[in-house]
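Below, each chain spelled out in residue letters.
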Amino acid sequence: MKAPAVLYIAFVVFMISLFYLATRVEFTYEDTHSSLNDENLETDLHLSNAQHFVKESANERGLYHVEEAIASLRNLENDIDMESGQNVESAIAKLEEFEEQLKANEVSPEKMSEVFASTLRILSLSELRISERYAESDQFGYAVVALKYARLHLKNALEYENLSDKKFDLHVYYELDSLINAPEASPIEVSMKIDHMIEELNSQVATVH
């Protein structure tokens, strides 16, 4: 009876997390590219669940969600450029290192927050690069979709505790929010602002990694 009960509780937590993330997405969009649809949120979801289970000392369930987060990152690699791919590989390596520490029961809450937030920061950066590519080719509908996912990844990153660089992430988040809510901005202005945010976030990612 114990195993089915644990699986049921895990399923309920997973569905609550899914609902929580979905209600914060401010658009409905379907696309075959995982960078432009809700497959984009799978990493966020699994990391959130991993944190929950690790805090509850349910390390096996936590490990499952870390592995799923890694799998979702590998899926996203099909839709990103080479530079973003290198960043994502770095995030995967950090998660795999965390995975080994978790197996050995050597994980601190601070380390978990750092690794998970860094992963989502990298996803935000990847979406900004995708947005820039669409903006430069005058596909502003796609550019805005990517910007919204970039904002969501960064917002989820900010929810992890004990982050020394929260102020920086908040700064970029508000820049993203301002750009998304500025329909009067010209195409050149949009591209310039995206490029500026890429430089800012890229410098932070490079510092952490």
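Everything that follows concerns the structure shown earlier in this document.
Note that the coordinates shown come from a computational prediction; the quantities given were computed from them, not determined experimentally.

A. Quick look at the pattern of salt bridges. Applying the stated criterion to the full structure yields 7 salt bridges. Here arginine 129 makes a salt bridge to glutamate 83, at a shortest N to O gap of 3.3 Å. Residue arginine 129 is found in helix α5 (residues 109-136), and its partner glutamate 83 is found in helix α4 (residues 82-103); the two are separated by 46 residues along the sequence. By relative accessible area, arginine 129 is classed as buried at 8%. Notably, a salt bridge pairs glutamate 189 with lysine 193, separated by 3.3 Å at the nearest N-O pair. With glutamate 189 and lysine 193 both in helix α8 (residues 187-208), this residue pair falls 4 residues apart, about one helical turn. Under the relative-accessibility criterion, glutamate 189 is labelled partly exposed at 33%.

B. Region of interest: the packing of helix α2 (residues 42-55) against α5. Here α2 crosses α5 at 175°, and the two axes come no closer than 11 Å. When the axes of α2 and α5 are compared, the pair comes out roughly antiparallel. Two secondary-structure elements touch here, α2 through Thr43, Asp44, Leu47, Ala50, Gln51, Val54 and Lys55 and α5 through Met112, Ser113, Phe116, Thr119, Leu120 and Leu123. Classifying every residue of the contact of α2 with α5 by side-chain character gives 7 nonpolar, 4 polar and 2 charged.

C. Broad picture of the packing of aromatic side chains. Counted by the stated rule, this structure contains 4 aromatic pairs. Arranged with centres 5.8 Å apart and planes meeting at 80°, the rings of phenylalanine 116 and tyrosine 160 form a pair that is edge-to-face. In this pair, phenylalanine 116 sits in helix α5 while tyrosine 160 sits in the loop between α6 (140-157) and α7 (166-180), placing the two residues 44 residues apart along the sequence. The exposure classification of phenylalanine 116 matches that of tyrosine 160, with both residues buried. Between the aromatic rings of tyrosine 173 and tyrosine 174, the centroid separation amounts to 5.6 Å while the plane-to-plane angle is 70°, which identifies the pairing as edge-to-face. Taking the relative accessible area as the measure of exposure, tyrosine 173 reaches 14% and is therefore buried. When the ring centre of phenylalanine 53 is taken as reference, the NZ or CZ atom of arginine 61 above it lies at 5.8 Å. The ring of tyrosine 64 has arginine 61 lying over it, and the distance from NZ or CZ to the ring centre is 5.0 Å.

Rules and cut-offs
- Residues numbered from 1 in each chain as written.
- Predicted model: local features only at pLDDT ≥ 70, side-chain atom pairs only at ≥ 80, totals over all residues.
- Heavy atoms only, no water.
- Salt bridge = Lys/Arg side-chain N within 4 Å of Asp/Glu carboxyl O.
- Helix = DSSP H or I, 4+ residues; strand = E, 2+ residues; numbered from the N terminus.
- Buried < 20%, exposed > 50% of the residue type's maximum accessible area, 1.4 Å probe, protein only.
- Axes fitted to C-alpha atoms, helices over the stretch in contact; angles between N-to-C directions.
- Parallel < 35°, antiparallel > 145°, perpendicular 65-115°, else oblique.
- Contact = heavy atoms within 4.5 Å.
- Nonpolar A, V, L, I, M, F, W, Y, C, P; charged D, E, K, R; others polar.
- Phe/Tyr/Trp six-rings, centres within 6.5 Å; stacked < 30°, edge-to-face > 60°.
- Lys NZ or Arg CZ within 6 Å of the ring centre and 35° of its normal.

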